[in-house]
Every structure is written in C-alpha cells, then in structure tokens.
Amino acid sequence: MPPVTPDAPGEGTPRGTAAGKARRWGSLARQALAGERESRGAPGCRATMCELYSKQDTLALRRKHIGPSCKVFFAADPIKIVRAQGQYMFDERGEQYLDCINNVAHVGHCHPEVVTAALKQMELLNTNSRFLHDNIVEYARRLSATLPETLSVCYFTNSGSEANDLALRLARQFRGHQDVITLDHAYHGHLSSLIEISPYKFRKGKDVKKEFVHVAPTPDTYRGKYREDHADPAGAYADEVKKIIEEAHNSGRKIAAFIAESMQSCGGQIIPPAGYFQKVAEYVHRAGGVFIADEVQVGFGRVGKHFWSFQMHGEDFVPDIVTMGKPMGNGHPMACVVTTKEIAEAFSSSGMEYFNTYGGNPVSSAIGLAVLNVIESEDLQGNATRVGDYLTELLNKQKAKHTLIGDIRGIGLFIGIDLVKDQQKRTPATDEAEHVIYKMKEKQVLLSADGPHRNVLKIKPPMCFTEEDAKFMVDQLDEILTVVEEAIGAKSESMTSENTPCRTKSMDHWPKLFPGQ
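Calculation criteria
- Residues numbered from 1 in each chain as written.
- Predicted model: local features only at pLDDT ≥ 70, side-chain atom pairs only at ≥ 80, totals over all residues.
- Heavy atoms only, no water.
- Buried < 20%, exposed > 50% of the residue type's maximum accessible area, 1.4 Å probe, protein only.
- Helix = DSSP H or I, 4+ residues; strand = E, 2+ residues; numbered from the N terminus.
- Pairing = 2+ DSSP bridges.
- Right-handed = clockwise from strand over helix to strand, strands pointing away.
- Core = buried A, V, L, I, M, F, W, Y, C linked by side-chain atoms within 4.5 Å.
- Contact = heavy atoms within 4.5 Å.
- Phe/Tyr/Trp six-rings, centres within 6.5 Å; stacked < 30°, edge-to-face > 60°.
- Lys NZ or Arg CZ within 6 Å of the ring centre and 35° of its normal.
- 1 Å grid on protein atoms, 1.4 Å probe; cavity = no way out; pocket = protein on both sides within 12 Å on 5 of 7 lines; lining within 4 Å.
- Points joined across faces, edges and corners; volume = space filled by probe spheres on them.
- Nonpolar A, V, L, I, M, F, W, Y, C, P; charged D, E, K, R; others polar.

### Considering the pairing of strand β8 (residues 290–294)
Working step 1: Most of β8 sits out of view: 5 of its 5 residues are buried.
Working step 2: What you see with β8 is no split at all: V290, I292 and D294 on one side and F291 and A293 on the other are buried throughout.
Working step 3: Bridging between strand β7 (residues 255–261) and β8 involves 5 bridges; their strand directions are parallel. Its bridge partner being in β8, F258 is matched across the sheet by F291.
Working step 4: Between the parallel pair β7 and β8, the chain is carried across by helix α10 (residues 276–286), and the sense of this crossover is right-handed.
Working step 5: Relative to strand β9 (residues 321–324), β8 runs parallel, the two being bridged by 3 bridges. Paired with D294 across the strands is T323, a residue of β9.

### Some words on the nonpolar core
Working step 1: In this structure, L143, F258, Y276, F300, M324, L395 and M473 are the most contacted members of the largest nonpolar core, which totals 101 residues.
Working step 2: Other than its neighbours up to four places away in sequence, L143 contacts F156, F300, W308, M324, M328, C336, V338 and L372.
Working step 3: Within the second largest apolar cluster, 23 residues are counted, among which are A167, A257, I259 and F347.

### A few points about the packing of aromatic side chains
Working step 1: Overall, the coordinates contain 16 aromatic pairs when judged by the stated rule.
Working step 2: Ring centres 5.7 Å apart and planes at 80° place the aromatic pair F74 and Y438 in the edge-to-face group. Here F74, found in the loop between α3 (55–65) and β1 (81–85), pairs with Y438, found in helix α14 (residues 430–442); they are 364 residues apart in sequence, far enough to count as distant. Y438 matches F74 in its accessibility class, with the two residues each being buried.
Working step 3: Each ring, one from Y155 and one from Y354, has its centre 5.9 Å from the other, and the planes form 80°; the classification is edge-to-face. Of this pair, Y155 sits in strand β4 (residues 153–157) while Y354 sits in the loop between α11 (341–348) and α12 (362–377), and the two are 199 residues apart along the sequence.
Working step 4: Taken together, the ring pairs connect F258, Y276, F277, F291, F310 and F317 into an aromatic cluster.
Working step 5: Sitting above the plane of the F355 ring, R130 keeps its charged end 4.0 Å from the centroid.
Working step 6: Residue placement shows K441 over the ring face of F74; its charged tip is 5.8 Å from the ring centre.

### Some thoughts on the layout of surface pockets
Working step 1: Within this model, the second largest pocket holds a volume of roughly 350 Å³.
Working step 2: Around the second largest pocket sit 20 residues that line it, and S129, C154, Y155, F156 and Y354 are the ones nearest its centre.
Working step 3: Only α5 (134–144), β4 and α11 provide two or more residues apiece to the lining of the second largest pocket.
Working step 4: In the lining of the second largest pocket, the residues fall into 13 nonpolar, 5 polar and 2 charged.

Following this line, the structure appears as structure tokens:
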C-alpha cells in the first residue's frame, strides 16, 4: 500500500501545484487514519469506528431486512466498510483498502470542503426549491458555464435514474414522438421507464423488449460487429442507427430520442470511435428526435482533458439533453438534467408543472458548489490526465507481459482491462476476472468486473487517485495475473500429457482458484 507520509509530493507532481495540494490532503488524511487505526487495539474501538453490530450480525440483519435483489460487492466474502477518506476505505478492523471503484466519491471520500459546506448550510436552512434561494441559481449558473452555450436550462433531481427518466419525458414532449434508440448492453437506471431502455437489465430478466425500444449495436471496436481493422467503424456503427430509424419509419413509428452514455460503463468501458456521435446525431435530428448524453457515470472531469466526456468527440458535437448524477454530490444524492431553452419551453407548454421536493435544495446546491470548487482548486482534471496516462502506460506494459490481458482502453481515470482466455479469439475470461477481483481484495485493492461477459476490470477511482496508487494497484495485479497464468499453463500441460500419473501441484490448486470450473 502507498506510504502514509505527510506532505509527500506525488511522483512527477511539484509540491506547490493544485494537484500536489490534493495529494497532500489525501496523505494527511491517511496519516490521521493510520494513527487512529493503531489506537484501536483496545476494547471499545467499535464505537470509535461507528460499528453498531459485529460483521456477522450485520450480515444476518441484512439478509432479514434488506431485499434479496440488493446485492453487495464481493458477495462471497463482503467487506464491512465503516470509514473512508480520500481514495481509501477502512473496514471494521481498521484495514485500509485502495478504492478503485468509487466514481461517486468523486473528489475523495469525506472531502473536508464538501463536508463543511453541507454542515454550514444544513445548520442554516434546508427546504424545497419553490422558495426563492441563491444556492440553486448560483449552482445552475456555475454548472451551465461548464457546458456548451446552448445547454443552459437545468432541472434538478436526486439520482441519475430520476434524471434519465425526466430526460425521456422532455424528449417525448418536444415533438410528440415516443420511440427510443438505445445501445446494446446499456444501463440508464432502475426506474421502470429506464429498465425498458436498458438491455443490460431487461435481457437478464423476464421482460421483453418493448415495441417502442430499438437496440443499436454497441460501438465496440474491440469485440463488436465492426472492429479496429474496419476502414470506418464510426460510420458503420452509425449506419446501424440509420437503418433502425428507417425501419421504424417504415412501420409508422417516430423516434423521440437516441440515448447513450458518452462512454459506456456497465457495457464494459467502451469508448465510441471518433465521429460516431456526430453521425448518429445527424440521423436522429433528421428524424425529428433528440440526442441524450448520459454523463451520470463519466462526467465532471473524469476524462481529464474535458469536463464532460461527450466533449472529447469534438466541438461540432453538442447533445440536446445531458444527464448527470453520481459524482455531482460526492456521495450526497443529487442529479440534474440540462437542456436547451427550446426543449424546456416545449416541456412547459404541456401545462404540467415539474416539481421535485428535494431536487436542488439549498444543502444539495451548496454541496454541488463545493464539489465544483474542489475540482478546480485541486486541478483534479489535470490529475485525471496525468495519473490516467501513467496508469494506462503501466497497464499497457502488463498487456505485453500477460496473455490474459486482451485490451486496455479508456481515457483519464476511466479505464477498462479486458481479460481474455485467447488473445486471437478474444474469448472473455469471465471466471478469471472474478478470481482476480477477489484476489485483489485480499491485497486490499478494490476493483469490480463488468461488461456483458463480466470479464472487464473497471477502474474508476476517486479523482484524487495518485501515481503511487496506480503503481501499487498495477503491482498487485501483475502478481495475481502471474499466478493465474502459471496455473492455467500447468493445467494445460497436465491435460495434454498422456503419461503423467498424477496432477502437478499447480493443478491441485486449480479448483481453489476457479471453483466454478
């Protein structure tokens, strides 16, 4: 684990820079927590750690009172997290874990400026947005300033699901069309209206695709229909959307919206090829529909060079509606839909008032402002670029070393590691990916696996993630992949050997590595 030392400048980062400030805050926080951890050997430490129950009792109560469809990370051996700071989480025993999962704690867990902003406003006033208050308009002004000029009208909600549901309402009201084009493997939220347009969900359950939903191929140039060797993958994937529109029109249907994450997260960290969104927007607009960019997972500077992920596609691409959520409140539930005046006025003309009890309340707005301030003052976009480039470089070296790594893709601090059984066939290594994330947990690094085959390791840590953190994470991954590949090699050798009387030692361990095989 990276050393806990105050005022230690990050590798390659001058101490006086904003990024250095972010690193020193995380370092000081780690030192304080490390000191607290040392003092917890005495009885009564559970109260210090805010632990009401033992881990077993917590598990038992969860099974009794929490719905069985509500899953936990590492279900076979869940971690009980009781505290967090910066890019680190701590369990009930005080063990420290490097958090490579949490794109929600965007500027770092429990950032003092965010916590202070929440406390000060909560002590003063919290009420709904029907009362005139400066916070909501100041936040709307600041948020709009990060977007293209045409995107200037805000609707505040409490979650990304609420935001995407409202975006669909806006799109359908705009010209009275109903149909929605979505990408395969997409996930846009847990509301009924969003499960309907989320193949990631409805294809796993008993639901069937609704007649008004049209699924376009994911623009995946690694494992998709059109790959990196195609002359024009962006055009080919966009033409698939064009065909969908033509078929819908031939059936008498009208397209209300095309919706896509600017970079697909649950679908396996997919980065659309350059030019794809522009071509799709052209076809959708020609059909009378709008383009909805879902930035719930990937917005607020995560890609580094741009504040919004859709901006990496060029200045000539501007969506009609943008939704945002998870990182917006650094763990506080808040989200937003931003759109054009034209679309907002069409929505208002329906005569139905839009009101959200908690959306944009003074406390949420104060927290949102604090998050924007921290992103700017600590140069977290710059940090995402620097650390993301360094991490990608390290991972590409691992790709050259390990046959299990088929692809490294991503931008900034949004990276996917596609694990494969065969690099030529690109066969998804699903069991191996699950094994890797559990072994990483044992080494106190938290990762998750996603994608349609659950074989893509997702890296989307808090934005204060450092080069030291990146190096530590990759070192642990290297060790684990080495052991797994040795076990795979031993298994293959044993299976092909006709005269071997008994299995090798590595083969004896294989069932423990992959109990599902």
